[in-house]
Amino acid sequence: MTETDAYLNLFLILGTILTLPFVWSLFIAVGKFLIVTFLPPKDVTFEIKLASGEVIVKKVNIENNKELINAILSENGRVIS
C-alpha cells in the first residue's frame, strides 16, 4: 500500500464516521414520514385535570369533530396534554 492509498483510505474512513450522524437522522426522518403517511393516527388521548384534582382520560376519534372540540375546550377542567 502506497502513501497515497493510505491517505485515501484514511479520508474514506473519516468521512464515513463523520457523516454517520447525519445519515442516521435522515433515516429517522424518513421513517417518521413513512409512519405518518401509511399509519395515520385514528384517535387522540386527552388527560383533563379537574379543579378537584381528579384526572380524566378521554380517547377521542379524530373524525368526530364535535366530540374533539368538546374534549379540547373542556368546560369542567383544563387540558394537560
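This text goes with the structure placed above it.
The structure displayed is predicted, hence computed values, not measured ones.

(A) How the structure looks around the overall build of the protein chain. If you tally the helices and strands in the protein chain, you get 2 helices and 3 strands. Each helix (α) and strand (β) of the protein chain, taken in turn from the N terminus, gives the series α-β-β-α-β. For 81 residues, the compact-globule estimate of 2.2 N^0.38 gives 12 Å, and the C-alpha radius of gyration of the protein chain, at 25 Å, exceeds that figure by more than 25%. By principal-axis analysis of the C-alpha atoms, the protein chain measures approximately 75 × 30 × 15 Å. For the protein chain, the residues scored as buried account for 9% of the 81 residues in total. Here the contacts in the protein chain between residues at least 6 apart in sequence split such that 33% fall between residues at least 24 apart. A total accessible area of about 7,100 Å² is found for the protein chain, and carbon and sulfur atoms account for 68% of it. Of note, the protein chain has its 7 positive side-chain charges centred 12 Å away from the centre of its 8 negative side-chain charges.

(B) Region of the structure containing the packing of aromatic side chains. Under the counting rule described, the total for this entry stands at 1 aromatic pair. Between the aromatic rings of Tyr7 and Phe11, the centroid separation amounts to 6.4 Å while the plane-to-plane angle is 25°, which identifies the pairing as stacked. In this pair, Tyr7 and Phe11 are both assigned in helix α1 (residues 3–38), 4 residues apart and thus about one turn of the helix distant. For Tyr7, a relative accessible area of 43% gives the class partly exposed. Taking relative accessible area as the criterion, Phe11 reaches 55% and is therefore assigned exposed.

(C) Representation of the pairing of strand β1 (residues 43–49) within the structure. For β1 and strand β2 (residues 55–61), the ladder comprises 7 bridges, and the chain directions are antiparallel. Directly across from Ile48, in β2, lies its bridge partner Ile56. Hairpin connection of β1 to β2: 5 residues between the antiparallel strands, including Gly53 at a positive phi of 100°.

(D) Here's a closer look at the nonpolar core. Phe46, Ile48, Val60, Leu68 and Ala71 form the largest nonpolar core, which has 5 residues in total. Setting aside residues up to four positions removed in sequence, Val60 forms contacts with Asp43, Val44, Phe46, Glu67, Leu68 and Ala71.

(E) α1, seen in detail. Taking 1.5 Å as the rise per residue, α1 with 36 residues should run 52 Å; its terminal C-alpha atoms sit 51 Å apart, in good agreement. Of all bends in α1, the biggest is about 40°, found at Leu20, and the proline Pro21 comes one to four residues later. Of all 36 residues making up α1, only 0 are buried, and the element is barely covered by its neighbours.

Reading guide: rules and limits
Residues numbered from 1 in each chain as written. Predicted model: local features only at pLDDT ≥ 70, side-chain atom pairs only at ≥ 80, totals over all residues. Heavy atoms only, no water. Helix = DSSP H or I, 4+ residues; strand = E, 2+ residues; numbered from the N terminus. Rg over C-alpha atoms; globule rule 2.2 N^0.38 Å. Buried < 20%, exposed > 50% of the residue type's maximum accessible area, 1.4 Å probe, protein only. Contact = heavy atoms within 4.5 Å. Areas by Shrake-Rupley, 256 points an atom, 1.4 Å probe, with all protein chains shown as cover. Lys, Arg positive; Asp, Glu negative; His and termini not counted. Charge placed at Lys NZ, Arg CZ, Asp CG, Glu CD. Phe/Tyr/Trp six-rings, centres within 6.5 Å; stacked < 30°, edge-to-face > 60°. Pairing = 2+ DSSP bridges. Core = buried A, V, L, I, M, F, W, Y, C linked by side-chain atoms within 4.5 Å. Expected span 1.5 Å × (residues − 1). Bend = angle between axes of the 7 residues up to and from the residue.

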